[in-house]
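These are the residues of each chain, in order.
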Amino acid sequence: MAHKKQNLPQKICPVCKRPFTWRKKWEKDWDNVVYCSERCRRNKDK
């Protein structure tokens, strides 16, 4: 059974400036998610 991935919330990563979409692993913490990846989180000061 295929799932439709429409209408998921999106945010813009402040490091790479790319949009990223809600993921299941962020379900309980979506309001606090700022970076699209661990790599961007580590490079936030550069």
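Everything below is about the structure printed above this text.
The paragraphs below set out a description of the structure included in this document. The model shown is predicted, which means the values in this text are computed figures rather than measured ones.

**Remarks on the overall build of the protein chain**
When helices and strands are counted, the protein chain shows one helix and two strands. In the protein chain, the succession of helices and strands from N to C terminus is β-β-α. Projected onto its principal axes, the C-alpha coordinates of the protein chain cover approximately 40 × 20 × 15 Å. Evaluated residue by residue, the protein chain yields a buried proportion of 15% over its 46 residues. Taking as baseline every contact in the protein chain between residues at least 6 positions apart, the subset at least 24 positions apart corresponds to 11%. If the 14 positive side-chain charges of the protein chain are averaged to one point and the 5 negative ones to another, these points end up 8 Å apart.

Criteria and cut-off values
- Residues numbered from 1 in each chain as written.
- Predicted model: local features only at pLDDT ≥ 70, side-chain atom pairs only at ≥ 80, totals over all residues.
- Heavy atoms only, no water.
- Helix = DSSP H or I, 4+ residues; strand = E, 2+ residues; numbered from the N terminus.
- Buried < 20%, exposed > 50% of the residue type's maximum accessible area, 1.4 Å probe, protein only.
- Contact = heavy atoms within 4.5 Å.
- Lys, Arg positive; Asp, Glu negative; His and termini not counted.
- Charge placed at Lys NZ, Arg CZ, Asp CG, Glu CD.

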